[in-house]
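Fold and geometry: a report
Residue strings, one per chain:
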Amino acid sequence: MVTYAPARANSRRTTGIIPLHDEVGFAGMRAAGRLAAEALDMLTPHVVPGMSTAELDRMAFEFAHAHGAIPATLFFRGYRHSVCTSINHVVCHGIPNEKPLREGDIVNIDITLIVDGWHGDTSRMFAVGEIARKAERLIDVVEKCLFLGIEAAKPGNTTGDIGAAIQTYAERQRTAVVRDFVGHGVGRLFHDEPNIMHFGTPGSGVELKPGMIFTIEPMLNLGRPHVKILSDGWTAVTRDRTLSAQVEHSIGITEDGCEIFTASPQGLFNLAPPGD
């Protein structure tokens, strides 16, 4: 049985109850989400051939520090970086390093900044110089999947409606939805209830109610959906070494739809519906 309850200000761990946030929570997420999006906007012109992901990580840390924020991933379960940088066949949780980016790479940069206790969680895909048409198309498809997932996120719908919208379009475009990683509740906690699957059946799962706050973060592979975790304990890669792409927004369910907290202030990450 699904239980909903007003979000508690002093919550420190998940309880299995889906928190419903008031305007205080939405205001907190607007501030945290905007700053996380600003960080990605700041990094955008630096994602070029020859730049290392370690340097991008340092820039993200300095940006957070200068704005009084804390990178949520820094020392989270032993992770030692401010962002995740997932290149080419890396599905998610790629670890920044000193190796230069190369012309034709695609890279996901995932950042979560804590602002006054609220977690702004977002990620985008970046093209490093000129990229192959298949890589360009994969990025286009995953961004449209995120658009469709957000479009389905409204009161009275379910988490299954979100997943079905993403899965249907992804598979129609001959890409595979990764099952191993999902979206999640977010707010004062980095990971909270509910889980948001990027696949599913319309009408299944948890009913969406005003006040719910969570991420939608589809990951698509050009090949099969299967992944494996490397020996570092973090890096997830496609088993068949095909390209992978992910995008993510943090959103809140409103009375008549949803609010995107992590929209790009510079308009650098504008989602378009399929067909546009």
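Preceding this section is the structure that the text describes.
Below or above, wherever it landed, is the structure these notes cover. (Residues numbered from 1 in each chain as written. Predicted model: local features only at pLDDT ≥ 70, side-chain atom pairs only at ≥ 80, totals over all residues. Heavy atoms only, no water.)

Quick word on the pairing of strand S7 (residues 118–127)
Rules: The cut-offs for exposure are 20% and 50% of the maximum accessible area for each residue type, with area from a 1.4 Å probe on protein chains only; residues under the lower value are buried, those over the upper are exposed, and the others partly exposed. Helical segments are the DSSP runs of H or I of at least four residues, strand segments are the runs of E of at least two, and each set is numbered from the N terminus. Should DSSP find at least two bridges between two strands, the strands are taken to pair.
Within S7, 9 of the 10 residues are buried, which leaves the element mostly enclosed by the surrounding structure. The antiparallel pairing of strand S6 (residues 106–115) with S7 creates a hairpin that spans 2 residues between the two strands, and Asp-116 there sits at a positive phi of about 50°.

Observations regarding the pattern of salt bridges
Convention followed: We define a salt bridge as a side-chain nitrogen of Lys or Arg found within 4 Å of a carboxyl oxygen belonging to Asp or Glu.
Counting across every chain of the model gives 9 salt bridges. Between Arg-58 and Glu-55 there is a salt bridge, and its shortest N-O distance comes to 3.0 Å. One end of the pair is Arg-58 and the other is Glu-55, both in helix H2 (residues 53–66) and 3 residues apart, which spans about a single turn. For Arg-58, a relative accessible area of 36% gives the class partly exposed. Its relative accessible area of 30% is what places Glu-55 among the partly exposed residues. The partner of Arg-133 in a salt bridge is Glu-136, with the nearest N and O atoms 4.0 Å apart. You can see Arg-133 and its partner Glu-136 sitting in helix H3 (residues 133–151), 3 residues apart, about one turn around the helix. With a relative accessible area of 56%, Arg-133 lands in the exposed category. Connected through salt bridges with shared partners, the residues Glu-23, Arg-30 and Glu-259 form a single ionic network.

Here we look at the sheet that holds strand S13 (residues 227–229)
Definition in use: A fitted line through C-alpha atoms serves as each axis, taken over the contacting stretch for helices, and the angle formed by two N-to-C directions is quoted from 0 to 180°.
Taken in spatial order, the 3 strands of this open sheet run S5-S14-S13, and their pairing is antiparallel. Both outer strands of the open sheet, strand S5 (90–92) and S13, are each paired with one neighbouring strand and no more. Recorded for the sheet is a direction-independent mean angle of 40° between the axes of neighbouring strands. With 2 bridges joining them, S5 and strand S14 (residues 236–238) adopt antiparallel strand pairing. Following the sheet pairing, Cys-92 is matched in S14 by Ala-236.

Side note on the environment of Lys-228
For clarity, the threshold we go by: We call two residues in contact whenever any of their non-hydrogen atoms come within 4.5 Å of each other.
In this structure, Lys-228 sits in strand S13. Taking C-alpha positions, Lys-228 is 26 Å from Thr-159, a pair spaced 69 residues apart along the chain. The contact partners of Lys-228, leaving out residues within four places of it in the chain, are Thr-235, Ala-236, Val-237 and Arg-239.

Considerations on the sheet that holds strand S8 (residues 176–177)
Through backbone hydrogen bonds, the strands of a sheet pair up, either in parallel or in antiparallel fashion. Reading across the sheet, the 3 strands line up as S8-S12-S15 and stay open at both edges, with antiparallel pairing between neighbours. The strands lining the two open edges of the sheet, one partner per strand, are S8 and strand S15 (244–246). Sheet analysis places strand S12 (residues 219–221) next to S15, joined by 3 bridges and oriented antiparallel. Across the sheet, Leu-220 pairs through a bridge with Ala-245, a residue of S15. Of the strands in this sheet, S12 and S15 are in contact with H3, which crosses S12 at around 145°.

Describing the pairing of strand S10 (residues 192–196)
Bridging between strand S9 (residues 183–185) and S10 involves 3 bridges; their strand directions are antiparallel. Note on S10: the bridge partner recorded for Gly-185 is Asp-192. Hairpin geometry of S9 and S10 is characterised by an intervening segment of 6 residues between the two adjacent antiparallel strands.

Quick word on helix H4 (residues 159–172)
This is how the line gets drawn: Each residue after the first adds 1.5 Å to the expected span of a helix. Think of a polar contact as two N or O atoms within 3.5 Å of one another; within protein, one of them needs to be a possible hydrogen donor and the other a possible acceptor, and neighboring residues in sequence only count if both atoms come from side chains.
With 14 residues, H4 ought to run about 20 Å at 1.5 Å a step, and its terminal C-alpha atoms sit 20 Å apart, in line with that. Summarising burial for H4: 10 of the 14 residues are buried, a large majority. Against H3, S8, S10, strand S11 (213–216) and S12 lie the buried residues of H4. Residue Thr-158 occupies the N-cap position of H4, its side-chain oxygen lying 3.2 Å from the main-chain nitrogen of Gly-160.

Focus on the nonpolar core
Condition: For this analysis, a nonpolar core means a set of buried residues of the types Ala, Val, Leu, Ile, Met, Phe, Trp, Tyr and Cys, connected via side-chain atoms within 4.5 Å.
Core analysis: the biggest nonpolar cluster contains 33 residues, and Ala-153, Ile-162, Phe-214, Ile-216 and Leu-220 have the highest contact counts within it. Elements with a minimum of two residues in this core: H3, H4, S11 and strand S16 (249–253). With 9 residues, the top contributor of residues to this core is H3. Filtering out sequence-adjacent residues up to four positions away, Ala-153 remains in contact with Ile-162, Leu-208, Phe-214, Ile-216, Ile-251, Ile-253, Gly-257 and Cys-258. Core analysis: the second largest hydrophobic core is formed by 29 residues, Met-29, Leu-43, Ala-64 and Trp-118 among them.

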